[in-house]
Amino acid sequence: MRRTRLIAGLGIVAALALTGCASGSPGDSSTDSATDGAGATSTPWEVATDVSLEGSPTYDAMVERGGVIVGVKEDQPGLGYLDVTTQARTGFDVDTARWIAASLGFDEEQITFKAIASVNREQAIKNGDIDYYVGTYSINDKRKQDIDFAGPYFETGQGLLVAQDAPEVTTIEELDGKTVCSATGSTPIQNIKANFPGIKTQEYDLYSACVEDLINGQVDAVTTDQAILIGYAAQYPEDIKVTGGLFTQELYGVGLPKGDDALRTWINTVLTDGGDIWKAIFKNNLGSSGIVVDQPKVDAY
Ligand code: GLU
């Protein structure tokens, strides 16, 4: 919260254009995304070749399968997004998921992405449907009863999105009597329901459905993490805008099967040692979004 600020213009669309498809490129040690003469996109991470990770049942399953199954979002521009026309997956979270896979020795062709909504994340991890989850997933104690988190790897806070012609809103209380939309099972909807009983709520599995309702005038505001809302505002700048500041602190973690301490420690080390890679992933995906944030310190609980 302290270091996350919305400073200026909303340029995620331009940032997305930069990221394109990030296929794995073993041996590439550059710290920035670039396109070579042949049109292939290089990545800031390297695919590891001699991985030795003992005591992780999740990693053992990946090796046996010959690939990684990663849970992500795919309707959150700048963070986790699937372009349905080109089938390109982009975003800060998606690239973080690729970076982790690469650290474990898996390249782009060995990654299967599964879109999983906020409300289904813990269950998907518990079921073993995915190996790990990277998608605007706030670390909290309630979730830690079911799963574990590596990280944090990103910091933001709850914000508000309103119609472009609506008055600015500075406190959530100002929305008393109004209808606010958010995703089922998310921390922002829980916050509204628990602490702002005067606000009416509309819930969907996906934030994009809330954004549609906002544009159609069916709800008065959408609430979730400001970093997510900034992506939507950049997608529909004529229609909607981010308003107010950050109302909470949200620290994003990588969701993991509970008790896989070896994998959690591995990912924490990758994040801690990979400051330059983190910066390159941030620059490639959110560099022109107006978001200013440092890499948070890993909390190796
Ligand atoms: N970070 C919040 C959460 O984990 C909101 C975003 C989301 O639903 O993914 O609930």
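Calculation rules
- Residues numbered from 1 in each chain as written.
- Predicted model: local features only at pLDDT ≥ 70, side-chain atom pairs only at ≥ 80, totals over all residues.
- Heavy atoms only, no water.
- Near = heavy atom within 4 Å.
- Polar contact = N/O pair within 3.5 Å; in protein donor to acceptor, adjacent residues only side chain to side chain.
- Areas by Shrake-Rupley, 256 points an atom, 1.4 Å probe, with all protein chains shown as cover.
- Helix = DSSP H or I, 4+ residues; strand = E, 2+ residues; numbered from the N terminus.
- Nonpolar A, V, L, I, M, F, W, Y, C, P; charged D, E, K, R; others polar.
- Pairing = 2+ DSSP bridges.
- Axes fitted to C-alpha atoms, helices over the stretch in contact; angles between N-to-C directions.
- Contact = heavy atoms within 4.5 Å.
- Buried < 20%, exposed > 50% of the residue type's maximum accessible area, 1.4 Å probe, protein only.
- Left-handed = near helix turned anticlockwise from the far one by under 90°.
- Core = buried A, V, L, I, M, F, W, Y, C linked by side-chain atoms within 4.5 Å.

S.K.: Any details on the site of the ligand? Residues and values, ideally.
M.R.: By nearness alone, 16 residues border the ligand, and Ser 118, Thr 136, Ser 138, Tyr 207 and Asp 225 come closest of all. Tyr 207 places a side-chain nitrogen or oxygen 2.6 Å from an oxygen atom of the ligand. Take Asp 225: an N or O atom from its side chain is 2.6 Å from a nitrogen atom of the ligand. Surface burial for the ligand is 100%, taken as the share of its 280 Å² of free accessible area covered by protein chains. Contributions of two or more residues to the shell around the ligand are made by helix H6 (187-195) and strand E12 (221-225). A per-class count over the shell around the ligand returns 5 nonpolar, 7 polar and 4 charged.

S.K.: Could you give an account of the sheet that holds strand E9 (residues 158-163), naming the residues involved and the relevant values?
M.R.: The 5 strands are arranged E11-E10-E12-E9-E13 in an open sheet whose pairing can be described as mixed. Either end of the sheet is taken by a strand with one partner, and the two such strands are strand E11 (200-204) and strand E13 (240-243). In this sheet, adjacent strand axes meet at a mean angle of 30° when their direction is disregarded. Looking at chain direction, E9 and E12 are connected through 4 bridges and run antiparallel. Note that in E12 the partner of Gly 159 across the bridge is Thr 224. In the packing of helix H7 (residues 207-215) onto the sheet, the strands contacted are E9, strand E10 (179-183), E11, E12 and E13, and the crossing angle to E12 comes to about 150°. Against the sheet, helix H8 (residues 226-235) touches E9, E12 and E13, its axis set at about 130° to E12.

S.K.: Help me get a handle on the pairing of strand E14 (residues 250-257), residues and values and all.
M.R.: Within E14, 7 of the 8 residues are buried, which leaves the element mostly enclosed by the surrounding structure. In the sheet, strand E8 (residues 147-156) pairs with E14 via 7 bridges, with the strands oriented antiparallel. Bridge assignment links Thr 156 to a residue of E14, and that residue is Glu 250.

S.K.: Pulling in residues and values, what's your account of the packing of helix H3 (residues 92-103) against helix H10 (residues 275-286)?
M.R.: One can describe the packing of H3 onto H10 by two numbers: an axis separation of 9 Å at closest approach and a directional angle of 145°. Read as a crossing pair, H3 and H10 show a hand that is right-handed. Only Ile 277, Trp 278, Ile 281, Phe 282, Asn 285 and Leu 286 of H10 make contact with H3, whose side of the interface consists of Phe 92, Asp 95, Thr 96 and Trp 99. Each residue belonging to the contact of H3 with H10 can be placed in one class, and the counts come to 7 nonpolar, 2 polar and 1 charged.

S.K.: Go over the pairing of E13 with me, naming the residues and quoting the values.
M.R.: Of the two faces of E13, both are covered, the one formed by Ile 240 and Val 242 as well as the one formed by Lys 241 and Thr 243. Pairing geometry for E9 and E13, over 4 bridges, is antiparallel. Its bridge partner lying in E13, Leu 161 is registered against Val 242.

S.K.: Just give me the short version of the nonpolar core, but keep the residues and values in it.
M.R.: Counting 58 residues, the largest nonpolar core has Val 70, Phe 92, Tyr 132, Phe 154, Leu 161 and Val 254 as the members making the most contacts within it. The element best represented in this core is H3, accounting for 7 residues. Setting aside residues up to four positions removed in sequence, Tyr 132 forms contacts with Met 62, Val 68, Ile 69, Val 70, Gly 71, Ala 97, Ile 100, Ala 101, Val 254, Gly 255 and Leu 256. Core analysis: the next-biggest nonpolar cluster, separate from the first, contains 10 residues, Leu 160, Phe 196, Ile 199 and Ala 221 among them.

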